[in-house]
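Coordinates in review
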Amino acid sequence: DVCAAISVIAPHSGVALEIASGTGQHIVTFASAMPHIQWQPTEVEPVRIRSIQAYVHEAAQGNIAQPILLNATQVGWSAKVSPMDLITLANLLHLISEGEATKLIAESAKALKPNGKLFLYGPFRRKGKLTSEGDASFDASIRASDPETGYKDDGWVKDTAQKNSLTFHQAVEMPANNLALVFARKT
């Protein structure tokens, strides 16, 4: 699962930023599994900030900061967050355009400390190809509502990361034909 994959690459201590925390369920799970890390949830929608606050309050864990409003597809957000040891993103790249994904990756690289890790999880094209009928159908439905969005190619993500001072660390096969791509910021 995502939490197990993150825990393998997470630092022994430090600060982690979750981009697009959604309802807040994931960050509570991450914080519980990795109590040595201070977690910073973020979200672009104010209504989701309230949901995250509710989950964080209910969990009553001391290692989760109050969520902040953050649009990770805009230039400049990296200057608003402390340098991070880890940045995680789950299930968003396929829902945004390549231009937005490029900004997200570039800003993430700027927000990381040297040797900090970027963890990107979700469905991807593999070497330019969709690897299942389910992926082809899902990608087509996403592109039907917005042709600029859809599955990003794993090679494109790696190239974009490299252009932004990130080194490819590893790919982890995940359930439901998803993939976790891990990058490290160059020193």
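Our structure's up above, just so we're on the same page.
Description of the structure in this document. Predicted, not measured: the structure shown is a model, and the values here were computed from it. Numbers given for residues are sequential positions, taken from 1 along each chain in its written order. The predicted origin of the model limits local features to residues at a pLDDT of at least 70 and limits the giving and counting of side-chain atom pairs to 80 or more, whereas totals for whole chains, interfaces and linings rest on all residues. To obtain the side-chain values, all non-hydrogen atoms of the structure were included, while hydrogens and water were left out.

**Comments concerning the pattern of salt bridges**
Any carboxyl oxygen of Asp or Glu within 4 Å of a side-chain nitrogen of Lys or Arg constitutes a salt bridge here. Using the criterion set out here, one finds 6 salt bridges in the structure. Across the salt bridge formed by Arg125 and Asp139, the nearest N and O atoms sit 3.1 Å from each other. Of this pair, Arg125 sits in strand β6 (residues 124–125) while Asp139 sits in helix α5 (residues 133–145), and the two are 14 residues apart along the sequence. Type-normalised accessible area, obtained with a 1.4 Å probe on protein chains alone, sets the label of each residue: buried when under 20%, exposed when over 50%, and partly exposed for intermediate values. A residue is classified by how much of its surface remains accessible, and Asp139, at 3% relative accessible area, is buried. Across the pair Arg143 and Asp139 runs a salt bridge whose closest N-O atoms are separated by 3.0 Å. Taken together, the residues span about one helical turn, with Arg143 and Asp139 both in helix α5 at a distance of 4 residues. Connected through salt bridges with shared partners, the residues Arg125, Asp139 and Arg143 form a single ionic network. What counts as a helix is a DSSP run of H or I of at least four residues, what counts as a strand is a run of E of at least two, and both are numbered from the N terminus.

**Comments concerning helix α4 (residues 98–111)**
Relative to the 20 Å expected for 14 residues at 1.5 Å per residue, α4 spans 20 Å between its end C-alpha atoms, a close match to the ideal helical length. Taken together, the buried positions of α4 are Ala101, Leu104, Ile105, Ala106, Glu107, Ser108, Ala109 and Ala111. Helix span is expected to be 1.5 Å times the residue number reduced by one.

**Comments concerning the nonpolar core**
What is meant by a nonpolar core is a set of buried Ala, Val, Leu, Ile, Met, Phe, Trp, Tyr and Cys residues, joined one to another through side-chain atoms within 4.5 Å. Within the largest apolar cluster, 27 residues are counted, with the highest numbers of intra-cluster contacts made by Trp77, Ile87 and Leu120. Those elements that provide at least two residues to this core are β1 (14–19), β4 (84–90), α4, β5 (112–122), α6 (154–163) and β9 (179–185). It is α4 that provides the largest number of residues to this core, a total of 5 residues. We call two residues in contact whenever any of their non-hydrogen atoms come within 4.5 Å of each other. In this structure Trp77 touches Leu17, Ile19, Leu70, Asn71, Ala72, Ile87, Leu104, Glu107, Ser108 and Ala111, once residues within four positions along its chain are discounted. Core analysis: the second largest hydrophobic core is formed by 24 residues, Ile6, Phe119, Tyr121 and Ala180 among them.

**A few points about helix α2 (residues 25–33)**
Those residues of α2 lying buried are Ile27, Val28, Phe30 and Ala31. The buried side chains of α2 occupy one side of the element, clustering within an arc of 165° when seen end-on. For this quantity, the arc is that covered by the directions from the helix axis to the C-beta atoms.

**Remarks on the sheet that holds β9**
When DSSP finds two or more bridges between a pair of strands, those strands are recorded as paired. With respect to topology, 7 strands assemble into an open sheet ordered β3-β2-β1-β4-β5-β9-β8, the strand pairing being mixed. In this open sheet, the two strands that pair with only one neighbour each are β3 (68–69) and β8 (166–173). With 5 bridges connecting them, β1 and strand β2 (residues 37–43) associate as parallel partners. Bridge assignment links Ala16 to a residue of β2, and that residue is Trp39.

**Regarding the environment of Asp153**
Considering the arrangement of structural elements, one finds Asp153 in strand β7 (residues 152–153). Placed 24 residues apart in sequence, Asp153 and Lys129 show a C-alpha to C-alpha distance of 7.8 Å. Excluding residues that lie within four positions of it along the chain, Asp153 makes contacts with Arg125, Arg126, Lys127, Gly128 and Lys129. Between N or O atoms, a polar contact is any pair within 3.5 Å; within protein, one atom must be a potential hydrogen donor and the other a potential acceptor, and residues adjacent in sequence are included only when both atoms are from side chains. Within polar-contact distance, the side chain of Asp153 engages the backbone nitrogen of Gly128 at 2.4 Å.

**Some words on the packing of aromatic side chains**
For this analysis, a ring pair means two rings from Phe, Tyr or Trp (six-membered ring only for Trp) whose centres lie within 6.5 Å, classed as stacked if their planes differ by under 30 degrees, edge-to-face if by over 60, and tilted for the remaining angles. The full count for this structure, using the stated rule, is 3 aromatic pairs. When the centroid spacing of 5.7 Å and the interplanar angle of 65° are considered together, the rings of Phe168 and Phe183 count as edge-to-face. Residue Phe168 is found in strand β8, and its partner Phe183 is found in strand β9; the two are separated by 15 residues along the sequence. What makes Phe168 partly exposed here is its relative accessible area of 35%.

**Focus on unusual backbone geometry**
We note that Ala20 has phi near 60°; this positive angle belongs to a residue other than glycine. Topologically, Ala20 is positioned in the loop between β1 and α2. Ala20 sits in the partly exposed class, given a relative accessible area of 26%. Unusually for a residue other than glycine, Ala60 sits at a positive phi of about 50°. Position of Ala60 relative to the elements: it lies in the loop between α3 (46–59) and β3.

Distances and angles like these do not, on their own, reveal function.
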